[in-house]
Amino acid sequence: MTDTLFLCATSRLAQTLRGEQPPGQAVWETRQAMTIGQWQSGLAEEALLCGIDDLPQVLDPYAERLLWEQVIAESLTSAAADAAPLFDLPGLATSALEAHALCRAWHLSATGNADETRLFVGWQQDFAARCRRAGWIDGASLRDRLLDLLEVGYLSLPARIVFAGFDRLTPQEERMASVLAARGVAIEYAAFSAVDKSFNQVFACADSEAECHAVVAWAKRRLAANPAARLGIVAPDLASVRDRLSYLLDDALHPHAIRPDAAEMPRSFNFSLGRPLAEMPVVRSALDLLALASGRAKQEQGRLSALLLAGFWGASCSEADELARLDASLRRDLPYFTTPDALLRLAARLAEQAPALAAQSMVALAGGLEVLTKAPRSQRPGAWGACFRRALAAFGWPGERPLSSHEFQARRAFVEVLDTFGRFDAVLGPLSQGAALSRLRELCRQRVFQPETRGRPAIQVLGVLESAGLSFDALWVMGMNDDRWPPPPRPNPLLPAEAQRLAGSAHACAEVELDFARRVHARLLLAAPEVDFSWSRADGNRVLRASPLLAELPAAVDLVERVKTLSSQLAGQDACVHIDDAQAPPVGSGEKVTGGSWLLRAQAICPAWAFYQYRLGAEALDAPVEGLDPAARGTLVHGALEVFWGAVQGAEALAAFSESGLQQAISAAVGKALDVFELESRTTLPPRFRQLEGARLCRLLERWLAFEATRPQAFTVIAREQPAEVEIEGIRVKMIVDRIDQLDDGRQIIIDYKTGAAIDSKNWAAQRITEPQLPIYAALVNDEVVAVVFAKVLLDKPAFAGVAEARDILPGVQGLGDDKQKVFAPAEFPDWVAVVTHWRERLHAVAREVKEGVAGVSFTDAGDLRYCDVLPLLRLPERRQLLQAMYVAKTEYSSAG
C-alpha cells in the first residue's frame, strides 16, 4: 500500500488531489486520496475478506432512513393511533437519523426530560434491536466498530495519514486520529493554503441579481486577462443562485451555447452542486410513464399532455407532429381528470380520420400499460425493479433517437437505481405498485446527478463546505449577508439543546455557528492571492445587512460591474435592424378570412392580433381546467335560456307561470342544456357535480327571469341563437345572435347574454368598436332594431346594458337624448339613424383595414388584450423597450436643444 494516505473532508478535494501533477515530474504515482467514508468502506471489505470480523450488512443512508421511518410509524401508531397521520414521518425519520449520527460522532447521550428526547431514546433502542435481528449496521455505528478493530491491532494501515481540508474534527474523528497514532501511523493535518496573506475587498451590491452580474463580470475579466487562471466562486447558499449564475456564465462566456446543438458543449465553469436524478428529462419521462398505470385511476390531463410532448418513448421523434396534434385534441376533447385508456380511445377515434396518427407510439403506450396492469398486486422492490424495466422496454423508453452524453449518463444512473432496488427487499417487504413507484421516485429525488466534467474547467462554483482545502488564483465569495453568514443555528429537535451546545456539535447554537464561520472565513482568506467578498443590500422590499465577519475588510473602490449579456448586446444600437412590420399583404382574391365578428373585434383592439390569429391561423392551445371553465358555464347559461324561451316564447307566458310551474320549466330547461352540453363536449359530468351545477343554473335563471318580468313593454322572443351572415368590404362575416325580441308594435331588440361582470358598451360610440357583433346585426342585417343590449345574467346584479332609441324600452337602458345617457353625445348622435350610421361607417373602416393588410401592434388599453390567443407574437416587452428608448432619445434631444 502507498506510504501516504490523504483523508479528505470532501470528495471534490480527494478528486483534486488525485488529479494533481507534481511540479517538474512527467511520471508520478497518483496520490491515495479519499473521504473517510470511502476509506471506511475499504476497511470493512478487508475485515470481511480476511475473516477478521463478521461485520453486519451496512445500511445505506436511504435504507437507514426507511428503517427509522418504520420504527417511528409503529411507535406513533401504538401510542397515538388517531394522531399518527398528522405527523411528517419522513421528516421525523430524517431528524432521528441525524440525531443518532450526532450521538455517535459527538459522543452525545440522549438523556433528558423532554418528550421528544424520551421518544427518541425508545426509537433508538427499537432501531438497534431491529438491526441486531436482521444483521444490519448503520454507517455511524460501523465507524465505531472499525475503530475498535483498529484499536486492537487489526487491519492494515499506511505509514502516514494526512487529514486534508477539515475545518474541525468531531470527537469520533479525533478518536480515529488517536487510534491511528497509537498504531504508529504518522498523523498530519493539511489546509493547503495558497498564500500567507491575500488582498481583500468587499463589494456591496444592490440585490442578488446585481451580485451575480458582478461575479460573472469579474470572472470574464479575469479569464480575458489570463485564460489559464484557476478561479473560484463560493456561495453559502449556492442552491438559491445556481440557476441565475449558470445562465449568466453561459451568456457571458459561451454565448453560442444558446444553440440547441451546443447544450452539452464543454464549459469553462463547473458547479459542485448537482441536481436530483429525478429532474433529468430522460428519467422524469421514465417515472411519468410508470405512473400511468397506477391502478389506471384518473389523473390530471396535464400529466398526459406533458408526456405526449416530452419524448424519450415510443416513436416520439418520427411522430412528434402527430403527438402534438393528439395533444391538441386531448386538451379539447377530454376532461381535466382523465385516464390513459381514454387517451388511447381518443387516438383510435382520430386514427379513423388520419390513419397514421401516432400509431407506433400508441402501440408502445398500450404495451407498457399492459405489462404494468398484469403485474402482481404486491411484490418486493427487487421484483418491481425488474417489472418496471420490462414496462419501460415496452413503452419504447428511452426513445428512438441516440442519447446525448448527459442523457446517456442519466439513463445509466437510473437503470442502476432500478437494478439495485432489490436491496430494500428486507427493509420494505412486499409493496403495491403505487408504493413501489413512490419509493423509486423518492430514491431518484435523493440521488444527486452530476454529469462527468470534461477536462479541468477554469471556474469552480462551490458551496462553503465543498471549497475546503482548495486553492485558486483568485476567489470571489458571494452572499455574505448576516442572515446567511454565519449560518443560523439548527439544533436537532430530538436531542437536548444544552447537551448539543456543551458538546459543540454541528449547528447546535449561534456560538458554534459563529466559530465554524470564522474557521471557514479564515480558510477562504488564504485560498487565493486575491479574495473578493460581496453582499446584497436588499431582497425585494427587505433591507439586508453585511455579515459581521466582513467588518474588518476594506470596501471596494471600484464600481460594481454588470455583465453584458447576449440579449443586451443584440439590443445595442448597431446590432439590431429595425423593420416596420405594421403592414401585412392585402387580402388576395379568393382568400377566405375566417373569424366573423371576432375578426373585426380583434382588428379594432389590435390589428396584429387579427392578422396573426385569423389570417395566419395562429391560436393558443386549450388549457384544461378542473370542472367547468367560465366559457363552459356561459355555454350552459346560453343553452338553458335558449331551451326556456323556446318553450315559453314571451312575456305573456312568463307572467302566467305559477311559482312551482316556473321552477319546473326552469329545471327542465337546465336539464336539457346539461344533456346537450355533455353530448357535444363528449364528456359525462360526475353525478354530484352535475347536480350542483344544475342547482346553480336554476338559481341563476330564477333570478334573471324575475328581472325580465319587470320589463315595461310586452315582448315575444322571435329568434334564439339566430345565425346571420353579411359581407363587409368583401369579407364575409358570420355570427350568431343570442336572442331577438319583438315588441307589440313590431320593433325589435337584439340581446347578447353575458355571464361575466366586465361588460363594455361604451365602445359603441368610439371610432374603433371592440364589441362589434350586435352593431353589425343592427346596422347591416336588420332595419327594425331599436335597442341593442347585453343581458348581464348575474346573481347579484342582473341588468341590461346598452343603448335604445327611446327610454322605457328596457329597464336601466337609457334612450338617446335622455339626460342620464352619457355614452352617445346628443350633438354627434341626435337620433337612432345617426347611431346606426356611425356603426356602419366604423365597421366598414375596420373591415377595410383587414382587407388592406393593416397589421400593426397598436392598441388603446393593454387590458383589452387579456383574452388574446396570440399575445406572445405581439412582442409587447420589445415594444415597451423600443418606446422607452425613443422616449429617452427624445428627452436627450430636447435637453440638448
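Since this is a predicted model, take the numbers as computed values, not measurements.

**Structural notes on the overall build of the protein chain**
Along the backbone of the protein chain there are 30 helices and 25 strands. In terms of its C-alpha atoms, the protein chain occupies a principal-axis envelope of roughly 115 × 80 × 60 Å. The proportion of buried residues among the 897 residues of the protein chain is 46%. Across the protein chain, the fraction of contacts at a sequence separation of at least 24, relative to all contacts at a separation of at least 6, is 75%. Per element, the accessible surface of the protein chain, about 44700 Å² overall, is 53% carbon and sulfur.

**Considerations on the nonpolar core**
Of all hydrophobic cores here, the largest spans 85 residues; its most connected members are Leu277, Met362, Phe414 and Leu440. Examining the composition of this core, we find that nine residues originate from one element, helix α4 (residues 89–106), more than from any other.

**Remarks on helix α24 (residues 630–648)**
Between its first and last C-alpha, α24 extends 27 Å over 19 residues, near the 27 Å set by a 1.5 Å rise per residue. Those residues of α24 that are buried lie in contact with α25 (651–656), α26 (659–681), α27 (687–708), β21 (715–728), β22 (731–743) and β23 (748–754). Following α24 by one or two positions, Gln649 adopts a phi angle in the positive range, close to 75°.

**Observations concerning the sheet that holds strand β5 (residues 160–164)**
Reading across the sheet, the four strands line up as β2-β1-β5-β6 and stay open at both edges, with parallel pairing between neighbours. Single-partner strands in this sheet number two, and they are β2 (32–35) and β6 (186–190). Between one strand axis and the next, the sheet turns through 25° on average, direction left out of account. Judged from the five bridges that link them, strand β1 (residues 4–8) and β5 form a sheet pairing that is parallel. The partner of Leu7 across the bridge, within β5, is Phe163.

**Focus: the packing of aromatic side chains**
Within the structure shown, the criterion is met by 24 aromatic pairs. A ring pair is formed by Trp397 and Phe414, whose centres lie 5.6 Å apart and whose planes are at 70°; its orientation type is edge-to-face. Residue Trp397 is found in the loop between α15 (381–395) and α16 (405–419), and its partner Phe414 is found in helix α16; the two are separated by 17 residues along the sequence. Each member of the pair, Trp397 as well as Phe414, carries the same accessibility label: buried. Ring geometry for Trp832 versus Trp839: centroids 5.9 Å apart, planes at 85°, classification edge-to-face.

**A few points about the packing of helix α11 (residues 301–310) against helix α12 (residues 320–333)**
Direction vectors running N to C along α11 and α12 enclose 170°, while the axes themselves pass 9 Å from each other. Between α11 and α12, the interaxial angle falls into the category roughly antiparallel. Of the residues in α12, those touching α11 at Gln301, Leu304, Ser305, Leu308 and Leu309 are Leu323, Ala324, Leu326, Asp327, Leu330 and Arg331. Looking at side-chain class alone, the contact of α11 with α12 contains seven nonpolar, two polar and two charged residues.

**Let's talk about the pairing of β5**
Each regular strand displays side chains that alternate between the two surfaces of the sheet. Most of β5 is tucked away, with four of its five residues classed as buried. Regarding topology, helix α7 (residues 171–182) serves as the crossover connection from β5 to the parallel β6, and that connection is right-handed.

**A word on the pattern of salt bridges**
If you walk through the whole model with that rule in mind, you get 51 salt bridges. Residue Arg447 is joined to Glu416 by a salt bridge in which the shortest nitrogen-to-oxygen separation is 3.4 Å. Placement of Arg447 in the loop between α18 (433–446) and β15 (448–449) and of Glu416 in helix α16 is noted, with a sequence separation of 31 residues between them. Since its relative accessible area comes to 40%, Glu416 is described here as partly exposed. Between Glu849 and Arg768 there is a salt bridge whose closest N-O contact spans 2.8 Å. Linking Glu849 in helix α29 (residues 832–852) with Arg768 in the loop between β23 and α28 (773–780), this pair joins segments that are 81 residues apart in sequence. For Glu849, a relative accessible area of 17% gives the class buried. Judged by its relative accessible area of 27%, Arg768 is partly exposed. Taken together, the shared-partner salt bridges in this structure form one network comprising Arg104, Asp144, Asp148, Glu151 and Arg175.

**Observations regarding the sheet that holds strand β16 (residues 459–462)**
Strand order across the open sheet formed by six strands is β7-β18-β17-β8-β16-β9, with parallel pairing between neighbours. Of all the strands in the sheet, just β7 (199–205) and β9 (269–271) have a single pairing partner and so form its edges. Strand-to-strand twist in this sheet, taken as the mean axis angle between neighbours without regard to direction, amounts to 15°. Looking at chain direction, strand β8 (residues 231–234) and strand β17 (residues 474–477) are connected through four bridges and run parallel. Note on β17: the bridge partner recorded for Gly232 is Leu475. Strands in contact with helix α20 (residues 510–525) are β7, β8, β17 and β18 (530–536); relative to β18, the strand with the most contacts, it is inclined by about 135°.

**Some remarks on helix α9 (residues 238–253)**
Largest kink in α9: about 30°, centred on Arg244. Lining the buried residues of α9 we find α8 (208–225), β8, β9, β10 (275–276) and β16.

**Points about the state of the cysteines**
Per the counting criterion, the structure on display carries zero disulfides. No disulfide involves Cys387; its sulfur sits 16 Å from the nearest other cysteine sulfur, which is in Cys444.

**Quick notes on the pairing of β21**
In the sheet, β21 pairs with β22 via twelve bridges, with the strands oriented antiparallel. Each residue of the ladder has a partner; that of Ile728, found in β22, is Ile731. In sequence, β21 turns back onto β22 through a hairpin of two residues, with Glu729 there showing a positive phi of about 55°.

About the criteria used
Residues numbered from 1 in each chain as written. Predicted model: local features only at pLDDT ≥ 70, side-chain atom pairs only at ≥ 80, totals over all residues. Heavy atoms only, no water. Helix = DSSP H or I, 4+ residues; strand = E, 2+ residues; numbered from the N terminus. Buried < 20%, exposed > 50% of the residue type's maximum accessible area, 1.4 Å probe, protein only. Contact = heavy atoms within 4.5 Å. Areas by Shrake-Rupley, 256 points an atom, 1.4 Å probe, with all protein chains shown as cover. Core = buried A, V, L, I, M, F, W, Y, C linked by side-chain atoms within 4.5 Å. Expected span 1.5 Å × (residues − 1). Pairing = 2+ DSSP bridges. Axes fitted to C-alpha atoms, helices over the stretch in contact; angles between N-to-C directions. Phe/Tyr/Trp six-rings, centres within 6.5 Å; stacked < 30°, edge-to-face > 60°. Parallel < 35°, antiparallel > 145°, perpendicular 65-115°, else oblique. Nonpolar A, V, L, I, M, F, W, Y, C, P; charged D, E, K, R; others polar. Right-handed = clockwise from strand over helix to strand, strands pointing away. Salt bridge = Lys/Arg side-chain N within 4 Å of Asp/Glu carboxyl O. Bend = angle between axes of the 7 residues up to and from the residue. Disulfide = S-S within 2.5 Å.

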